[in-house]
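Residue-level listing of the chains:
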Number of protein chains: 2
Amino acid sequence: MSVTLKDVAQAARVSVSTASRALTGTGLTSERTQQRLVRIARELGYRPNPIARGLKTGQSRLVALLVHNLTNASFQVMAEVVQARLKALGYQMLLCIGGDDPQAESDTLTTLVDHRIDGLIVVPTGKNGAQLETLSKDVPIVCLVRRDDATDLETVLADDPQGAYLGTRHLIELGHKRIGLIVGRQDTTSGRERLSGYVRALREAGIARDDALIHAGHYVPETGATCARKLLDLRRPPSAIFVANHEATLGVLRVTAERNIAIPGDLSLLCYEDMPWFEWHRPAISIVDNGARDLANLAVDRLLHRMDAKGNSKGNGSDGVREYRVGARLIQRDSCRRIDATAPARSAKSKPSSSKSSAAKSAKV
Amino acid sequence: MSVTLKDVAQAARVSVSTASRALTGTGLTSERTQQRLVRIARELGYRPNPIARGLKTGQSRLVALLVHNLTNASFQVMAEVVQARLKALGYQMLLCIGGDDPQAESDTLTTLVDHRIDGLIVVPTGKNGAQLETLSKDVPIVCLVRRDDATDLETVLADDPQGAYLGTRHLIELGHKRIGLIVGRQDTTSGRERLSGYVRALREAGIARDDALIHAGHYVPETGATCARKLLDLRRPPSAIFVANHEATLGVLRVTAERNIAIPGDLSLLCYEDMPWFEWHRPAISIVDNGARDLANLAVDRLLHRMDAKGNSKGNGSDGVREYRVGARLIQRDSCRRIDATAPARSAKSKPSSSKSSAAKSAKV
DNA sequence: GCCATTTATGCAAACGATTGCATAGAGCTT
DNA sequence: AAGCTCTATGCAATCGTTTGCATAAATGGC
């Protein structure tokens with residue numbers, strides 16, 4: 001069907017091996033035949049067959065990205081970044097969707113390795129550590145966004161403690177003392193880490209932690225709605241809510257709309273992770289950007305490094321670092337407002353906050 | 001490294017060919033050796049090498065999906081659907097992102113064919129018709145969402161004329177007579193078709209078309225905002241706006257928020273295509289669902305059909321149909337309201353509408 | 001100008017599967 | 001029991017590359 005190396009060799013009246021060497025650039029070929037072959041190959045429209053090549057070399061020029069879904073905005077940009085980077089290097093991306101399901105993840109991993117992928121970037125479910133560990137002997141693997149504690153695979157993570165800290169501190173600096181937190185389940189790393197950042201910021205500002213203000217749940221809109229209701233129903237509701245996940249934000253927004261709570265007038269809202277419509281929303285929603293682009297780029301860097309190392313068989317490409325943290329940053333839009341320490345908003349009974357009046361200190365930062 | 005067919009054959013003390021036949025099920029093998037080999041293969045953890053198999057059979061068990069981006073919600077669900085369907089059939093999906101760029105599309109197509117993909121579902125840019133046409137001789141191709149007029153490839157399309165008609169009629173039935181339309185560029189099929197559905201619904205209801213109410217532009221938020229402003233600045237602004245694209249909806253919502261226009265109190269809003277947050281938004285946004293799921297499923301069906309036909313070499317799998325239309329449907333939520341024909345909303349000078357008073361007729365439908 | 005060295009080429013064996021063809025038995029018929 | 005068919009197996013070629021090894025050609029040193 002298509003033109004093969006043999007055809008090119010015949011046309012040039014050389015052997016297939018010479019043709020191969022000339023076109024791949026490897027090995028010894030005279031300048032002249034080299035150029036002649038390149039020309040002839042071009043004229044004939046020769047395109048190497050990656051399958052045949054792969055059979056011999058054990059490589060496929062395929063790199064897989066395994067994420068949980070595509071509805072998550074972070075995964076979308078990661079997929080786009082990874083695809084773009086890989087494509088520029090002549091790799092094709094195999095995008096797989098695992099749905100955060102260990103069984104699906106396991107199956108997919110098997111298939112991918114069958115296909116002799118050259119590398120893998122995976123957002124692990126955390127339940128297939130052993131398998132990942134085994135596979136990593138055959139193919140370079142980098143974990144993304146989540147760590148699989150059962151492995152010591154190289155992992156690129158968002159700096160969730162810092163992100164949550166940054167966001168919380170921002171709210172504190174705006175004068176908020178009662179800050180509601182809607183966070184992920186505490187059996188996930190990100191859930192725990194975001195809580196810890198929040199707690200640290202409070203502690204630094206000398207604000208006592210109030211567990212009534214902290215709610216955890218799955219990263220879905222329903223959680224956001226439920227937790228928001230609980231927070232707003234408090235005898236002394238928070239003046240700001242930090243939603244540590246973008247899906248949950250949907251639920252929070254619905255509740256505030258239902259109850260006619262003005263943002264940021266009655267309530268400041270800060271959100272973790274960006275969504276494309278956040279800046280179009282009125283008010284535009286301030287966020288802590290988890291740096292999805294940077295995460296993806298770094299993961300690709302690390303993967304390429306390992307793939308390279310493997311190719312040259314200089315070790316496994318580990319540079320001794322197991323965990324990379326990508327910094328989060330605050331993007332201020334219009335959903336958080338400075339509040340006057342003396343006039344708490346919407347609180348039924350406005351007895352003085354229990355915090356140690358660190359408002360002045362933090363406000364001037 | 002991994003266990004090959006040869007290993008299995010040796011362990012079972014048969015030839016490689018027997019092993020192959022037993023495991024693939026093809027050809028003649030005695031019941032006993034067949035089962036024995038299956039057992040041994042399982043024990044040894046044998047997994048066929050798709051690359052080696054592909055070299056011989058010319059197949060790869062890879063099917064590519066080429067879309068413009070992943071930020072578009074429709075493409076997201078399509079990608080998820082295609083992935084899920086293919087996976088169940090033992091195929092891996094190669095997801096490629098072309099960015100609606102002809103050059104990128106062309107490059108990607110070449111690479112994909114090099115990789116001997118077994119099938120391709122593509123949202124064409126419309127600029128690489130010749131290439132697609134050529135490729136379709138080697139590999140089954142189905143176009144999705146957009147038609148490439150330079151080809152006669154089988155194409156699965158949304159029924160945009162019907163969808164736009166449905167949406168417009170819904171608004172008319174609610175009593176609206178001045179319905180603004182924000183639609184895609186008129187040099188795209190979808191832009192033209194959505195306009196035509198709108199026009200037909202008006203005509204049927206005996207409402208005169210008013211070009212001041214019709215605005216076209218790119219499918220981006222900015223367009224939505226600009227067009228919304230133009231519409232709302234009219235001397236007699238529309239009582240409803242039909243936004244024929246979800247990206248543009250962002251812009252419209254921003255403008256209505258800025259101007260403090262209540263939805264659906266002051267203005268009814270109907271949108272084309274769904275986004276995950278539409279139902280969480282307050283008011284929940286009514287939409288015309290373009291049927292992304294159905295589109296993707298049908299595209300997969302057709303592709304499989306063609307792949308099957310090719311495998312059995314019974315023609316090219318064309319069933320004579322070149323174009324499939326997937327019906328749109330209306331999903332009513334809370335952003336459209338019935339208006340009283342006698343009291344036009346927010347219009348400065350409320351002279352009677354120019355329509356031939358078909359309100360009664362359409363309202364009772 | 002001859003031998004040693006380098007450089008360029010070709011031959012043929014891989015890679016791991018599939019598959020047409022040949023053949024060795026098993027089972028039947030007569 | 002001979003002849004026949006039919007089934008189960010093995011042999012070997014093949015898919016399109018890459019690559020180790022052998023060899024031919026070219027170069028250089030003396």
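Residues numbered from 1 in each chain as written. Chains lettered and ligands numbered in written order. Predicted model: local features only at pLDDT ≥ 70, side-chain atom pairs only at ≥ 80, totals over all residues. Heavy atoms only, no water.

S.K.: How would you explain the overall build of chain A if you had to name every residue and give the values?
M.R.: Helices and strands together make up the secondary structure of chain A, namely 13 helices and 12 strands. The C-alpha atoms of chain A give 27 Å as radius of gyration, which overshoots the globular expectation for 365 residues (21 Å, by more than 25%). Expressed along its principal axes, the backbone C-alpha trace of chain A runs to roughly 95 × 40 × 35 Å. The buried share of chain A, reckoned over its 365 residues, is 54%. Of the accessible surface of chain A, which amounts to about 16,100 Å², a share of 49% is contributed by carbon and sulfur atoms. For chain A, the centre of its 51 positive side-chain charges and the centre of its 40 negative side-chain charges are spaced 3 Å apart. (Helix = DSSP H or I, 4+ residues; strand = E, 2+ residues; numbered from the N terminus. Rg over C-alpha atoms; globule rule 2.2 N^0.38 Å. Buried < 20%, exposed > 50% of the residue type's maximum accessible area, 1.4 Å probe, protein only. Areas by Shrake-Rupley, 256 points an atom, 1.4 Å probe, with all protein chains shown as cover. Lys, Arg positive; Asp, Glu negative; His and termini not counted. Charge placed at Lys NZ, Arg CZ, Asp CG, Glu CD.)

S.K.: Residues and numbers for the interface of chain A and chain B, please.
M.R.: Listed per partner, the contact involves 49 residues of chain A and 49 residues of chain B. It is Ile51, Arg254 and Trp280 of chain A that lose the most area in chain A upon contact with chain B, and together they represent 16% of the buried surface on that side. Taken together, the links from chain A to chain B amount to 13 residue pairs in polar contact (both at pLDDT 80 or more). Mapped onto the side of chain A that touches chain B, the elements with two or more residues apiece are helix H4 (50-57), helix H5 (73-88), strand S2 (92-97), helix H6 (102-114), helix H10 (221-232) and helix H11 (246-258) of chain A. Here the side of chain A that touches chain B is composed, by residue class, of 22 nonpolar, 15 polar and 12 charged. (Contact = heavy atoms within 4.5 Å. Buried area = accessible area lost by both parts, 1.4 Å probe. Polar contact = N/O pair within 3.5 Å; in protein donor to acceptor, adjacent residues only side chain to side chain. Nonpolar A, V, L, I, M, F, W, Y, C, P; charged D, E, K, R; others polar.)

S.K.: Please give an account of the protein's contact with DNA strand D that cites residues and values.
M.R.: Near DNA strand D there are 26 residues, and of these Leu5, Ser20 and Arg53 of chain A together with Ser15 and Thr18 of chain B occur at the shortest range. A distance of 3.3 Å is found between a base nitrogen of DNA strand D and a backbone nitrogen or oxygen belonging to Ala52 of chain A. When contributions to the surface near DNA strand D are tallied by element, the ones reaching two or more residues are helix H2 (16-24) and H4 of chain A together with helix H2 (16-24) and helix H4 (50-57) of chain B. Residue classes in the surface near DNA strand D are distributed as 7 nonpolar, 12 polar and 7 charged. (Near = heavy atom within 4 Å.)

S.K.: Account for the pairing of strand S4 (residues 141-144) of chain B, naming residues and giving values.
M.R.: Residue and element names in this part refer to chain B. Burial along S4 is two-sided: the residues Ile141 and Cys143 and Val142 and Leu144 are all buried. Of the pairings in the sheet, the one linking strand S3 (residues 119-122) to S4 comprises 3 bridges and is parallel in character. When the sheet's bridge partners are listed, Val122 is paired in S4 with Cys143. Crossover connection from S3 via helix H7 (residues 129-135) to parallel S4: handedness right-handed. (Pairing = 2+ DSSP bridges. Right-handed = clockwise from strand over helix to strand, strands pointing away.)

S.K.: Describe in detail the relation of the copies chain A and chain B, supporting the description with residues and values.
M.R.: Superposing chain A onto chain B takes a rotation of 180° combined with a translation of 0.1 Å along the rotation axis, leaving an RMSD of 0.2 Å. Those values place the two copies in the arrangement expected of a two-fold rotation axis. Among all residues of chain A, the minimum C-alpha distance to the rotation axis is found for Leu94 of chain A, at 2.4 Å. The residues that chain A uses at the interface reappear at the interface of chain B in 100% of cases, marking a shared surface. (Least-squares fit on C-alpha atoms with pLDDT ≥ 70 in both.)

S.K.: Run through the protein's contact with DNA strand C, naming residues and quoting values.
M.R.: Close to DNA strand C lie 27 residues; Ser15 and Thr18 of chain A together with Leu5, Ser20 and Arg53 of chain B are nearest. Backbone atoms, meaning sugar and phosphate, form 61% of the atoms of DNA strand C found within 4 Å of the protein. A distance of 3.1 Å separates a phosphate oxygen of DNA strand C from a polar backbone atom of Asn49 of chain B. Between DNA strand C and Arg53 of chain B there is a distance of 2.8 Å, counted from a phosphate oxygen to a side-chain nitrogen or oxygen. Listed by contribution, the elements that provide at least two residues to the surface near DNA strand C are H2 and H4 of chain A together with H2 and H4 of chain B. When its residues are assigned to classes, the surface near DNA strand C shows 8 nonpolar, 12 polar and 7 charged.

S.K.: Hey, could you go over the sheet that holds strand S1 (residues 62-67) of chain A for me, with residue numbers and the actual values?
M.R.: All names here are of chain A. One open sheet accounts for 6 strands, arranged S2-S1-S3-S4-S5-S11; its pairing is parallel. Looking along the sheet, the strands with just one partner apiece sit at the ends: S2 and strand S11 (323-326). Each strand axis lies, on average, 20° off the axis of its neighbour in the sheet, ignoring direction. Looking at chain direction, S1 and S2 are connected through 6 bridges and run parallel. Along S2, the bridge assignment pairs Leu66 with Cys96. (Axes fitted to C-alpha atoms, helices over the stretch in contact; angles between N-to-C directions.)

S.K.: An account of the packing of H10 of chain A against H11 of chain A is requested, with residue identities and associated values reported.
M.R.: Residues and elements named next belong to chain A. Running from N to C, H10 and H11 point in directions that differ by 45°, and their axes come no closer than 6 Å. The angle between H10 and H11 places the two elements in the oblique class. As for the relative orientation of H10 and H11, their crossing is right-handed in sense. Together, Pro221, Gly224, Ala225, Ala228, Arg229 and Leu232 of H10 and Glu247, Ala248, Leu250, Gly251, Val252, Val255 and Glu258 of H11 make up the contact between the two elements. Of the residues that constitute the contact of H10 with H11, the class distribution is 8 nonpolar, 2 polar and 3 charged. (Parallel < 35°, antiparallel > 145°, perpendicular 65-115°, else oblique. Left-handed = near helix turned anticlockwise from the far one by under 90°.)

S.K.: Tell me about the pattern of salt bridges, and please be specific about residues and values.
M.R.: Enumeration according to the criterion identifies 42 salt bridges over all chains in this entry. Here Arg169 of chain B makes a salt bridge to Glu173 of chain B, at a shortest N to O gap of 3.3 Å. Of this pair, Arg169 of chain B and Glu173 of chain B both sit in helix H8 (residues 160-173), separated by 4 residues, roughly a single helical turn. Its relative accessible area of 34% is what places Arg169 of chain B among the partly exposed residues. On the basis of relative accessibility, which here comes to 15%, the residue Glu173 of chain B falls in the buried class. Between Asp274 of chain B and Arg333 of chain B there is a salt bridge, and its shortest N-O distance comes to 2.8 Å. Within this pair, whereas Asp274 of chain B is found in the loop between strand S9 (268-272) and strand S10 (286-289), its partner Arg333 of chain B is found in the loop between strand S12 (329-331) and helix H13 (359-363), the two being separated by 59 residues in sequence. On the basis of relative accessibility, which here comes to 27%, the residue Asp274 of chain B falls in the partly exposed class. Here Arg333 of chain B falls in the buried class, since its relative accessible area comes to 19%. If you follow the salt bridges from partner to partner, you end up with Arg147, Glu193, Glu323 and Arg325 of chain A in one network. (Salt bridge = Lys/Arg side-chain N within 4 Å of Asp/Glu carboxyl O.)

S.K.: Pulling in residues and values, what's your account of the nonpolar core?
M.R.: Core analysis: the biggest nonpolar cluster contains 104 residues, and Tyr198, Phe242 and Trp277 of chain A together with Tyr198, Phe242 and Trp277 of chain B have the highest contact counts within it. The contacts of Tyr198 of chain B, once residues within four sequence positions are left out, are Ala164, Tyr165, Thr168, Ile179, Leu181, Leu213 and Ile214 of chain B. In this structure, Ala79 of chain A together with Val67, Met78 and Ala292 of chain B belong to the second largest nonpolar core, which totals 58 residues. (Core = buried A, V, L, I, M, F, W, Y, C linked by side-chain atoms within 4.5 Å.)

S.K.: Could you give an account of the domain arrangement of chain A, with specific residues and numbers?
M.R.: Taken domain by domain, chain A holds domain 1 (5-48), domain 2 (57-153 + 293-326) and domain 3 (160-289 + 329-363). Measuring from the centre of the C-alpha atoms in domain 1 of chain A to the corresponding centre in domain 2 of chain A gives 35 Å. (Domains from an automatic or database assignment.)

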